[in-house]
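The primary structure of each chain is shown beneath.
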Amino acid sequence: MSSAPVLLSVNNVSKHFGGVEALRGVSMDLAAGEVVALAGDNGAGKSTLIKAISGVHRVDGGEILLSGRRVDFATPSEARASGIETIYQDLALADNLPVGANIFLGREPKRKAFGFLPVLDRKKMADAAKETMARLDFHVERFRAPVSTFSGGQRQAVAIGRAIYWNAQILIMDEPTAALGVPEQRKVVSLIKTLKDQGKGVIFISHNLADIFAVADRIVVLRRGVKAGERTPAETNGDEIVRLMVGG
Amino acid sequence: MTATATSARQESHGLLSMIVELRAWIFLLLLVIFFEVWARSAYGQSFVINAYNLQAIGIFATAPLLLGLGQTFVIISAGIDLSVGFTMGLAAVVSAHAANMASGVLGLDLFTAMLFGLVAGIGVALIPGLVNGLLIAKLRVPPFIGTLGMYGVARGAAYLLAGGMTVPVSNAWYAWIGNGRVLGVPILVIITVIVVLLMHYLLSQTRFGQHTYAFGASRAAAVRSGINVSSLTIKLYVLSAVCAGLAGALYSGRFAAGAAQAGEPLLLDSIAAVVIGGASLFGGSGNIAGTVAGALVIATIQYGLVFINVEPFWQFVAVGVVIIISVLVDQSQRRLLGGRKDE
Ligand SMILES: Nc1ncnc2c1ncn2[C@@H]1O[C@H](COP(=O)(O)OP(=O)(O)OP(=O)(O)O)[C@@H](O)[C@H]1O
Ligand SMILES: [Mg+2]
């Protein structure tokens, strides 16, 4: 574990929104093949931290290093281009489009019709969708139907599929299991394990201690914008994590 | 739920959504049948198998359709363009002036002068389109408000440039574009068909079209996928204005005069065509074929009522009823299909 290369270092990062200090001097590392859980109460700054990493927010202080090089993403697409894929709480799917179109949104493949006319390559999109969903062991059959007709778990799978299709090195997930039923939560947890086995670095936010202890290698706890603690599951327990979250 | 029940439900949904999808064409078919029956029983002749009627409906449909094509993109993106009618008027006036000036002042031949007029009409439309786009994309003005402002500005500019009158064009080539036929097909219709194919390609086969759908359904999805939504928005309103500019430039040929009020009644017709065609004003859905059907429905009502000698004011009632039915169908489909989940 300790020998794996560090993919990402967050050093002493701060971010404020007007008067609200959402992050104050937060640091954390992520290695290849490692899963880090971010825990913390509502408003602790978890989403803000991952948005800083994924290029949504620019930090006010501190630095973010990617494989040792300092990065300062102006947009999420710059972060994606550097191999950081993020799955947000709201999934951000285009509900009116099918799975393939969602996976490829913003980077649609093209082909030449009649040998000259550039058109969207829908077959390639559908094939990639099929292959990706199979890799996730999620059963989606209707590859032409808009994703609005899918269940919560399937929609989560589409969002994860979108991320893994692009071979990201770092996957960030904001509460990936929150909206799911128990069987689908299990699937997402096992999926995170799969990603870990493939050598990806995974950061996920969760309020669910069972999920955290099931899959995390390290747990980073935030409280009101500061890092309240960092533990491995072996050296801690749920009570301590909750104490770190709420203080006292 | 058992597998068979699920698939049976899916099949009935499939049929239902097909009817919903094709509703504009079904309206069109019903209208044609209605006028056909009327024409046969009242005049003992056919309504559809009549080249004159078909040409007239085709010509009736061109202007609302041209505006509706650009409007389709804008509405799919969850926006609206209220300025298209007077952008069309502005383009009509400017193209008339430009064609006259090109032949009169610059001494160009009539064909070149006609081209000059067309280009000037489309070119001037870029201004309201660009301003709309910038207001909405950069200053975050709601589309309804931004384009309503432009409705006023373009209207005033068009009347000012026209000096409060219509601007006659005396250019045989220009009149030919507006009234000529090739193999019996009006040139206006030919031009419109070409633009329809172009727009269909743009909407269904390019990234621009795909991003328009995504943006209309979820701004967040578009933004996070790295789509430059502000440039997309500007392009959408420029496209809408260019369609209106073309409609205006063609108007000057058809009536041998540019008029500021050229597109005045067409704003609502263009929106009606898009809505009847199945697009949702909430964004995210719609297509070019639907808008074509919607424009044909409107043109058939307008022409058909004249044909059967009914008070022409009934057209407003009829178009209004079709819009309402169309939206009701859309709502009921949303209730039936929208909340559906797989498990
Ligand atoms: N874009 C923003 N503008 C202003 N304030 C913000 C913004 N984003 C977050 N905040 C504030 O920053 C603080 C941290 O918010 P953040 O969303 O990171 O919390 P969180 O830990 O993800 O909470 P939750 O568990 O509820 O998702 C909160 O006080 C929040 O109101
Ligand atoms: Mg959050």
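Note that the coordinates shown come from a computational prediction; the quantities given were computed from them, not determined experimentally.

Some words on the overall build of chain A
Scanning chain A from N- to C-terminus turns up eight helices and 12 strands. Relative to a compact globule of 248 residues, whose C-alpha radius of gyration would be 18 Å, chain A shows 19 Å and is just as compact. Taken over the C-alpha atoms alone, chain A extends approximately 65 × 40 × 40 Å along its principal axes. In chain A, buried positions account for 54% of the 248 residues. In chain A, of all internal contacts separated by at least 6 residues, the share reaching a separation of at least 24 is 64%. A total accessible area of about 10600 Å² is found for chain A, and carbon and sulfur atoms account for 50% of it.

Remarks on the interface of chain A and chain B
Between chain A and chain B, the residue contacts involve 30 residues of the former and 24 residues of the latter. At the boundary of chain A and chain B, one finds one salt bridge. In this structure, glutamate 108 of chain A and arginine 207 of chain B form a salt bridge, with 3.9 Å as the shortest nitrogen-oxygen distance. For the pair chain A and chain B, the interface holds nine residue pairs in polar contact (both at pLDDT 80 or more). Where the side of chain A that touches chain B is concerned, the elements lending two or more residues are helix H2 (76–81), strand E8 (117–120) and helix H5 (152–165) of chain A.

Things to note about the packing of aromatic side chains
Residues and elements named next belong to chain B. Counted according to the given criterion, the structure contains 17 aromatic pairs over all chains. Centroid distance phenylalanine 34 to phenylalanine 35: 5.2 Å. Interplanar angle 70°. Geometry classified as edge-to-face. Between tyrosine 251 and phenylalanine 255 the ring centres are 4.6 Å apart and the planes differ by 45°, which places this aromatic pair in the tilted class. Among the aromatic residues, those joined into a cluster by ring pairs are Phe34, Phe35, Trp38, Tyr43, Phe47, Phe60, Tyr303 and Phe307.

Here's the deal with the pairing of strand E1 (residues 6–17) of chain A
All names here are of chain A. Of the pairings in the sheet, the one linking E1 to strand E2 (residues 20–31) comprises eight bridges and is antiparallel in character. Its bridge partner being in E2, serine 9 is matched across the sheet by aspartate 29. Where E1 hands over to E2, the hairpin turn is made up of two residues, of which glycine 18 adopts a positive phi near 55°. By the bridge criterion, five bridges tie E1 to strand E4 (residues 61–66) in an arrangement that is antiparallel. Residue pairing for E4: asparagine 11 is matched across the bridge by glutamate 63.

Considerations on the site of ligand 1
All names here are of chain A. Taken together, 14 residues form the shell around ligand 1, and within it Asn42, Gly43, Lys46, Ser47 and Thr48 come nearest. Within the contact set of ligand 1, an oxygen atom lies 2.9 Å away from a side-chain nitrogen or oxygen of asparagine 42. Within the side chain of histidine 207, a nitrogen or oxygen atom sits 3.1 Å from an oxygen atom of ligand 1. The protein chains hide 62% of the 630 Å² of surface that ligand 1 would expose on its own. Residue assignment for the shell around ligand 1 shows that the elements contributing at least two residues are E2 and helix H1 (46–53). Of the residues assigned to the shell around ligand 1, the class counts are four nonpolar, seven polar and three charged.

What counts, and where the lines are drawn
Residues numbered from 1 in each chain as written. Chains lettered and ligands numbered in written order. Predicted model: local features only at pLDDT ≥ 70, side-chain atom pairs only at ≥ 80, totals over all residues. Heavy atoms only, no water. Helix = DSSP H or I, 4+ residues; strand = E, 2+ residues; numbered from the N terminus. Rg over C-alpha atoms; globule rule 2.2 N^0.38 Å. Buried < 20%, exposed > 50% of the residue type's maximum accessible area, 1.4 Å probe, protein only. Contact = heavy atoms within 4.5 Å. Areas by Shrake-Rupley, 256 points an atom, 1.4 Å probe, with all protein chains shown as cover. Salt bridge = Lys/Arg side-chain N within 4 Å of Asp/Glu carboxyl O. Polar contact = N/O pair within 3.5 Å; in protein donor to acceptor, adjacent residues only side chain to side chain. Phe/Tyr/Trp six-rings, centres within 6.5 Å; stacked < 30°, edge-to-face > 60°. Pairing = 2+ DSSP bridges. Near = heavy atom within 4 Å. Nonpolar A, V, L, I, M, F, W, Y, C, P; charged D, E, K, R; others polar.

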